[in-house]
Amino acid sequence: MQKGKLSYRKAIYNALDHVMERDEKVVFMGEDITEYGGAFGVSSDLCRKHPGRVIATPISEGGFTGAAVGLSMTGYRVIIEIMFMDFITLAADQIINHAANVHYMYGGQVKCPLVIRTPAGGYRGYGPSHSKSMENFFMSVPGLKIVAPSTALDAYGCLVSAVYDNNPVLFVEHKLLYNIEEDAYPKRLEAIPLGKARVARAGADVTVVSHSYGVQLSMEAAKELEKEGVDVELIDIRTLKPLDMAAIEASVKKTGRLVYVEEGDTFGGIGSEVVSGIVERCLPYLDGRVLRVGKPEVPIPASMVAERFILPDTGRIKEAVKKSLSWK
Amino acid sequence: MQKGKLSYRKAIYNALDHVMERDEKVVFMGEDITEYGGAFGVSSDLCRKHPGRVIATPISEGGFTGAAVGLSMTGYRVIIEIMFMDFITLAADQIINHAANVHYMYGGQVKCPLVIRTPAGGYRGYGPSHSKSMENFFMSVPGLKIVAPSTALDAYGCLVSAVYDNNPVLFVEHKLLYNIEEDAYPKRLEAIPLGKARVARAGADVTVVSHSYGVQLSMEAAKELEKEGVDVELIDIRTLKPLDMAAIEASVKKTGRLVYVEEGDTFGGIGSEVVSGIVERCLPYLDGRVLRVGKPEVPIPASMVAERFILPDTGRIKEAVKKSLSWK
Amino acid sequence: MKAQADEFDIFSTMGDLAGKVEEGQGFDILEMYKTALTIRLFEEKVDWLFARGKLGGTTHLCIGQEAVAVGVMEALRPDDYIVSTHRGHGHLIARGAEITKIFSELLGKREGYCKGRGGTQHLSVMPLNFLGTNGITGGGLPIATGAGLSIKLSGEDRVAVCFFGEGASNQGTFHESLNMASAWDLPVVYVCENNMYAMSTRFTKVSRFDDVALRAAAFGIPSVIVDGMDVVKVAENARTMVHKVREGTGPVLIEAKTYRFCGHSKSDARVYRSREQESEWKDKDPLVKMEATLLEKISHGELEHVRRSVKSMIEDSYTEAERGADPDIKDAMEGVYAEREALIS
Amino acid sequence: MKAQADEFDIFSTMGDLAGKVEEGQGFDILEMYKTALTIRLFEEKVDWLFARGKLGGTTHLCIGQEAVAVGVMEALRPDDYIVSTHRGHGHLIARGAEITKIFSELLGKREGYCKGRGGTQHLSVMPLNFLGTNGITGGGLPIATGAGLSIKLSGEDRVAVCFFGEGASNQGTFHESLNMASAWDLPVVYVCENNMYAMSTRFTKVSRFDDVALRAAAFGIPSVIVDGMDVVKVAENARTMVHKVREGTGPVLIEAKTYRFCGHSKSDARVYRSREQESEWKDKDPLVKMEATLLEKISHGELEHVRRSVKSMIEDSYTEAERGADPDIKDAMEGVYAEREALIS
Ligand SMILES: Cc1ncc(C[n+]2csc(CCOP(=O)(O)OP(=O)(O)O)c2C)c(N)n1
Ligand SMILES: Cc1ncc(C[n+]2csc(CCOP(=O)(O)OP(=O)(O)O)c2C)c(N)n1
Ligand SMILES: [Mg+2]
Ligand SMILES: [Mg+2]
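Residues numbered from 1 in each chain as written. Chains lettered and ligands numbered in written order. Predicted model: local features only at pLDDT ≥ 70, side-chain atom pairs only at ≥ 80, totals over all residues. Heavy atoms only, no water.

### What about the site of ligand 2?
Convention followed: Any residue with a heavy atom positioned within 4 Å of a molecule or strand is treated as near that molecule or strand. Polar contact is defined as a pair of N or O atoms within 3.5 Å, subject to the rule that within protein one atom must be able to donate a hydrogen and the other to accept it, and that residues adjacent in sequence are counted only when both atoms are side-chain atoms. Per-residue accessibility takes into account occlusion by the displayed protein chains alone, with areas from the Shrake-Rupley method and a 1.4 Å probe. Residues are grouped as follows: nonpolar covers Ala, Val, Leu, Ile, Met, Phe, Trp, Tyr, Cys and Pro; charged covers Asp, Glu, Lys and Arg; every other residue, Gly included, is treated as polar.
Near ligand 2, the surroundings consist of 22 residues, among which Glu-61 of chain A together with His-86, Arg-87, Gly-135 and Tyr-197 of chain D are the closest. Separating a nitrogen atom of ligand 2 from a backbone N or O atom of Thr-137 of chain D is a distance of 3.0 Å. Residue Gly-167 of chain D places a main-chain N or O atom 2.8 Å away from an oxygen atom belonging to ligand 2. Burial of ligand 2 by the protein amounts to 98% of the accessible area it has alone, namely 580 Å². Considering only residue class, the shell around ligand 2 consists of nine nonpolar, nine polar and four charged.

See the structure below:
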């Protein structure tokens, strides 16, 4: 048994270690993931534990993602790391036109079990090319799954499931989550099925839905709102694609109000999809405004002062929740 | 004066010819755009009319898009052609991390007047890598504009405006539009400001909003619906980013109902944004369901029979419009 | 510009090749001819079908380039992987795919290899380890490289063969793939079908040299340029190269100089090249060359018989394919995601 | 593996260079030293600031690599374009950017060159034709190539200089850029700062050769490998190469062998390289070399005076930058889109 607390970083490490231990066919590829320890130190000593299967690549995001597709089409389960999510643009062809398509377009002859792990998000002053949350860019890719857990337990459970899924899965890790910890070290780490939301906090007044670091922010906001007499139900959607609309629907039917919180752009964001889906499903149940909290249409500036004006915070979440309580 | 009718293809050609004629600083780059005449024959003889400024590139979408960024940062207005929209994935980094960012992130020191022209869309049996409508993938890119006109006049007018815009503009042309024609050859071709929707058909019962080829389909559906006693107001949104929500809002306040029609995925589509925006702005005015018509989450198969099950048609538009008339 | 041999001595790395394996020997020219002819007549039929509007989408025929597909496949084992291009019918046929099922796929029928979903540019035949044709120019290069990595990780002596055009060698994926393959000594045989044009674009207009093989030198990848119109030369060189790769010394590149007799795709007036150039190349027709060789051994009558039987096989296959079923809505909508195989903890 | 000169005779294309322009002459070592020292002390200050949590984000220091920036800039005219990397402070300073405004930018202040929006990795100084540092490895290569195309289309005799690391040469953009530049004879000077590591990744672990220059040969691009720790050698070769490019014969590549004395970025324990290797390279400190040369002409006291004045300039600049204003919400939110200049019809 492990000692101490389980951090998000450690949970991902444990999941990687577990699946590689369990299955010789699991391979992990990415830039600087061997002795350097990978982005934000997540891969640590994995290369020593699983020699030959932790592969440091050249700086060729398109090339190694494409190679991972070929590798997974020929019998391996591949995990790749894209060092910052912003760089995923360089592998967009391999993900969108290849990985996500091969199973369907080749008539079911092949599978592409490929997990694309990547740290996303801002608040750290990294500037426009190192701070984006781009999960919404991939919502319209048929054949792809998207997961963005917000807790260490979910990170572990969803990553194990992602690796054993037979489809490409985009696995988004927010940089600010790596250091968060579970209160106690869990007795047992378990796989969590993809596509199932989690009620992070039960409540009666407003349904707040979010993913990734947005859940942490929303939880803080919910705690503060409690003091002001507003009882938030917080849903951690965890998997963005497929999206557990049933869970959101059930909650909204109870509270009559909906706020989606995300770090990426509001315009064209995950919230747009959730709001539209809810409006299609249960417009008559709505008892207040449905609102979206996200980033305005501005690149993320390097200045941390400027960045704070752009990215969501608890203040803006609280404001939206209060607004959703009325029709005005 | 020209004789005959003005096709969409010819309108784009005319716009290109016009801006290149007018301004020595306009350059056009892309694969096979010289004597071959470019994708779907649009560029025709432009290379002979503007020698040296119509540049046939190697098959290097990322490279020539990046070069176009460098060219536009140093004083040129650049138009590039991406032969099929699906290939834009290869230039995603150059568009998202560079073209769209440079003006803001460099503090206003540079401009990037770059038009990315690209044919999109299916119904032609080209299969998964040559049929996508991907405009929704770019909705969350701050600094980028997106235009997808549906008529020859708009194609001309919006393209001229796009070239003279000082920002990168993604200009989407649906393959099935190239052969559509204006009824008569217009006396005068005029620039059309980006960001303004057009009421394609005035009506009282349901607001249908669409762009690109979806407008043509919706118009057909509207004509058929008229016979069934349903009076559709059809809004051609033309510019997707920035989005003319005011025009949609005005119409929905009148009709109380909204249907968005697009060829790309419904899930995470333009319709999601429009529906969410309307719900935020005028939920109390809604008098029926708001619905989205688009593609299900399936890659576009090559089989034209199968493709027809996947892509929107007038039947599905009519169905949605009728559904929107009631709350059930 | 032509690279001077003394300027860039790229083929010197061939020096350490273990000499040709079974030089000029062991080729069944008649079999190769039958395959090449099947490709030719298949492509002509496809052309005919397009002209009559019987096929949707587009297509890229490899008429004139048959010797490359046939010669390379000659050198392969059934367990080797193949990654193809948009111009892949020849590769499929040479690999042994069923004509009927290829037609079915082009016709968008349920019975096609990919249930009609892939069509000409997305056609995979996994029982033949044929990982697929590819609609993205240069898209197959990293995939083949990954297949090479797969072989290497499994410690097998298979090879992965990657076809690509000279136009595709301008994509960044070419560079990234060759670099990975050479850095990691992957068993990949890169086969460039250099037909001088990418659509309308003459290679030398968008790159400084005529030869793609030159580009392999930057990665220390041994390469060879072969006459792609001569099936025996292709086959000999392919054997040598494949043999070398199978021994585990890393990737190689074969550049086959060839020519497509037809246009790029269904609509192409070929304004970018001269009729003289075309006829010069047609004089090098690989099938004519094979026929000449064969006629030293068999009679005109026997040859004619071969032609007739291939022809009727193509026609029969098409007729059968045409009788197939169109996909229904379930065929179209299902199968986007693969199922999980077992529960894990 | 090291490419053998006889195996890949890549530098033979240098033969047609017009000889060195003003060999070893006309360099003001004292000026170059002042610039190099400014870079060094600036970077040390930045390091210090990071250690104290005074700066957000991350940073990539070029300590050890100063001679490359200084030597290359020596060869340029004010109207030449420059495209830089994530490790760009040295390029900026050598180009003549104001220290205060660079500090302001790093501090995220309104007075920064980019109003604090860009920070270290997105720092452009258009009045100096400095098109920007770049947070995307390999991202600058096509942009510089486009600047080269711009010069060519305008018929000017400017050049575009593109800095990039050996790690970036594994990106597809490198291949695509060099190909376009060579096919179109663009006036681009590609300058590879080969410090052997990309983050923790030794170049030879992810590519077969030590030298990036080899890769230029595939495109017929003349290249030269220079000792990047010797500012005079860099400057001489840069002059020669820039001169050649200005004459319109197409792109060139300069590979400067260098070493970063510090870690990759603010948090890097440098486990991937030995302290011995580090101290070997530190013995080649370009500043120490320049000091030795200078001491043949000036006294220790004079040198010390130079050091003190640069040091105090850096401190003063920082103090001034720190006094600058933080952006307000308007600064953060506005300016995403550029305005139209005039109405058109
Ligand atoms: C990424 C991408 N860009 C452009 C195209 C359009 N296209 C299809 S084939 C082709 C030419 C390919 O040339 P080459 O690689 O030489 O193969 P060939 O057609 O000569 O066999 C082009 C440009 C494409 N399919 N994918
Ligand atoms: C597309 C992309 N991939 C990865 C990174 C992360 N990264 C930043 S610098 C760097 C190493 C670059 O190495 P090199 O080009 O040799 O330059 P050096 O740092 O040695 O100066 C990496 C991998 C990035 N910024 N962009
Ligand atoms: Mg070709
Ligand atoms: Mg380096």
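### Remarks on the interface of chain B and chain A
The parts lose accessible area when they come together, and the size of an interface is often stated as this lost area. Put simply, the test is: In this description, contact between two residues means that some pair of their heavy atoms is separated by no more than 4.5 Å. Two parts lose some accessible area (1.4 Å probe) when they are put together, and adding that loss for both gives the buried area. Salt bridges are counted wherever a side-chain nitrogen of Lys or Arg sits within 4 Å of a carboxyl oxygen of Asp or Glu. Only DSSP runs of H or I reaching four residues or more are called helices, and only runs of E reaching two or more are called strands; each is numbered from the N terminus.
Counting residues at the interface gives 49 residues for chain B and 49 residues for chain A. Of the roughly 4,100 Å² buried between chain B and chain A, counting both surfaces, carbon and sulfur atoms make up 62%. Looking only at chain B, the three residues that lose the most surface to chain A are Phe-137, Phe-267 and Glu-280 of chain B, adding up to 16% of its buried area. Summed over the shared surface of chain B and chain A, the number is six salt bridges. Residue Glu-273 of chain B is joined to Arg-292 of chain A by a salt bridge in which the shortest nitrogen-to-oxygen separation is 3.0 Å. At the boundary of chain B and chain A, one finds 29 residue pairs in polar contact (both at pLDDT 80 or more). Looking at the side of chain B that touches chain A, the elements that each hand over two or more residues are helix H4 (92–99), helix H5 (102–105), strand S10 (239–241), helix H9 (270–282) and strand S12 (290–295) of chain B.

### Quick notes on the coordination of the magnesium ion (ligand 3)
Residue and element names in this part refer to chain C. Condition: The donor set covers N, O and S atoms within 2.8 Å of the metal, switching to 3.2 Å for Na, K and Ca, and it leaves out water, so a site may look short of donors. The rule is simple: four donors are tetrahedral if all their angles sit between 85 and 135 degrees, four are square planar and six octahedral if opposite donors span more than 155 degrees and the others lie between 65 and 115, and anything that fits none of that is irregular.
Taken together, Glu-166 (OE), Glu-166 (OE), Asn-195 (OD1) and Tyr-197 (O) make up the full set of protein donors to the magnesium ion (ligand 3), lying 2.0 to 2.6 Å away. Of note is the magnesium ion (ligand 3), whose six donor atoms meet at the metal with angles of 53 to 170° in an arrangement that counts as irregular. The motif formed by the donor residues of the magnesium ion (ligand 3), counted along the single chain, is E-x28-N-x1-Y.

### Section: the interface of chain A and chain C
Every contact between the two is made by 50 residues of chain A and, on the other side, 43 residues of chain C. Between chain A and chain C, the buried area comes to about 3,500 Å², and carbon and sulfur atoms account for 61% of it. Looking at the side of chain A facing chain C, the largest losses of area belong to Tyr-104, Tyr-106 and Gln-109 of chain A, adding up to 19% of the total buried there. Our count for the contact surface shared by chain A and chain C stands at zero salt bridges. With nine residues, helix H3 (residues 61–73) of chain A is the single largest residue contributor to the side of chain A that touches chain C.

### Topic: a nonpolar patch on the surface
Condition: Like-charged residues within 9 Å of one another, or nonpolar side chains (Val, Leu, Ile, Met, Phe, Trp, Tyr) within 5 Å, are grouped into patches, provided each residue has over 30% relative accessible area and no salt bridge. For each residue, the accessible area found with a 1.4 Å probe, counting protein chains only, is set against the maximum for its type, and the residue is called buried under 20%, exposed over 50%, and partly exposed in between.
Taken together, the side chains of Phe-309 of chain A together with Ile-329 and Met-333 of chain D present a nonpolar region at the surface, about 240 Å² in accessible area. Counting through the fold element by element, Ile-329 of chain D comes out in helix H12 (residues 329–333). A residue is classified by how much of its surface remains accessible, and Ile-329 of chain D, at 46% relative accessible area, is partly exposed.

### Observations concerning the sheet that holds strand S11 (residues 258–265) of chain B
All names here are of chain B. Rule in force here: We call two strands paired when DSSP finds no fewer than two bridges between them. Only the stretch in contact is used when a helix axis is fitted, and all axes are lines through C-alpha atoms; the angle between N-to-C directions ranges over 0 to 180 degrees.
Strand order in the open sheet made by the five strands is S7-S9-S8-S11-S12, with mixed pairing throughout. A single partner strand is all that each edge strand has here, and the edge strands are strand S7 (198–201) and S12. Here the strands of the sheet are splayed against their neighbours by 25° on average, with no regard to which way each runs. Both S11 and S12 contribute to a ladder of five bridges, which runs parallel. The residue of S12 that forms the bridge with Val-261 is Val-293. Across the sheet, helix H11 (residues 314–324) lies against strand S8 (206–210), strand S9 (232–236), S11 and S12, angled at about 165° from S12, the strand it touches most.

### Observations concerning empty space enclosed by the protein
Formally: A cavity, in this analysis, means grid points on a 1 Å lattice covering only the protein atoms where a 1.4 Å probe fits yet has no way out; a pocket is instead an open set bounded by protein on both sides within 12 Å along at least five of seven lines, and a residue lines either one if it has an atom within 4 Å of a point. Grid points are joined across faces, edges and corners, and a volume is the space filled by probe spheres set on the points.
Across all of its chains, the model carries 18 cavities of 30 Å³ or more by this definition. Considering only enclosed or pocket space, the largest cavity measures out at about 220 Å³ in volume. The wall of the largest cavity is formed by 18 residues, among which Leu-90 of chain A, Leu-90 of chain B, Glu-176 of chain C together with Gly-172 and Glu-176 of chain D lie closest to the centre. Split into classes, the residues belonging to the lining of the largest cavity amount to two nonpolar, 13 polar and three charged.

### Description of the sheet that holds strand S10 (residues 239–241) of chain A
All names here are of chain A. Here we have seven strands laid out as an open sheet, ordered S2-S1-S3-S4-S6-S5-S10, and mixed in their pairing. Strands with a single pairing partner mark the edges of an open sheet, and in this sheet they are strand S2 (54–56) and S10. Recorded for the sheet is a direction-independent mean angle of 20° between the axes of neighbouring strands. The strands touched by H3 within the sheet are strand S1 (26–30), strand S3 (77–81) and strand S4 (114–120), with S3 carrying the most contacts at an inclination of about 170°.

### What about the coordination of the magnesium ion (ligand 4)?
All names here are of chain D. The coordination sphere of the magnesium ion (ligand 4), as far as protein atoms go, consists of Glu-166 (OE), Glu-166 (OE), Asn-195 (OD1) and Tyr-197 (O), spread over 2.0 to 2.6 Å. Each of the six donor atoms bound to the magnesium ion (ligand 4) contributes to angles spanning 52 to 169°, and the resulting shape is irregular. Written as a sequence motif, the donor arrangement for the magnesium ion (ligand 4) is E-x28-N-x1-Y. One end of the pair, Glu-166, is in the loop between strand S3 (160–165) and helix H6 (172–183); the other, Asn-195, is in the loop between strand S4 (188–194) and strand S5 (197–198), and 29 residues separate them in sequence. This pair shows no difference in class: Glu-166 is buried, exactly as Asn-195 is.

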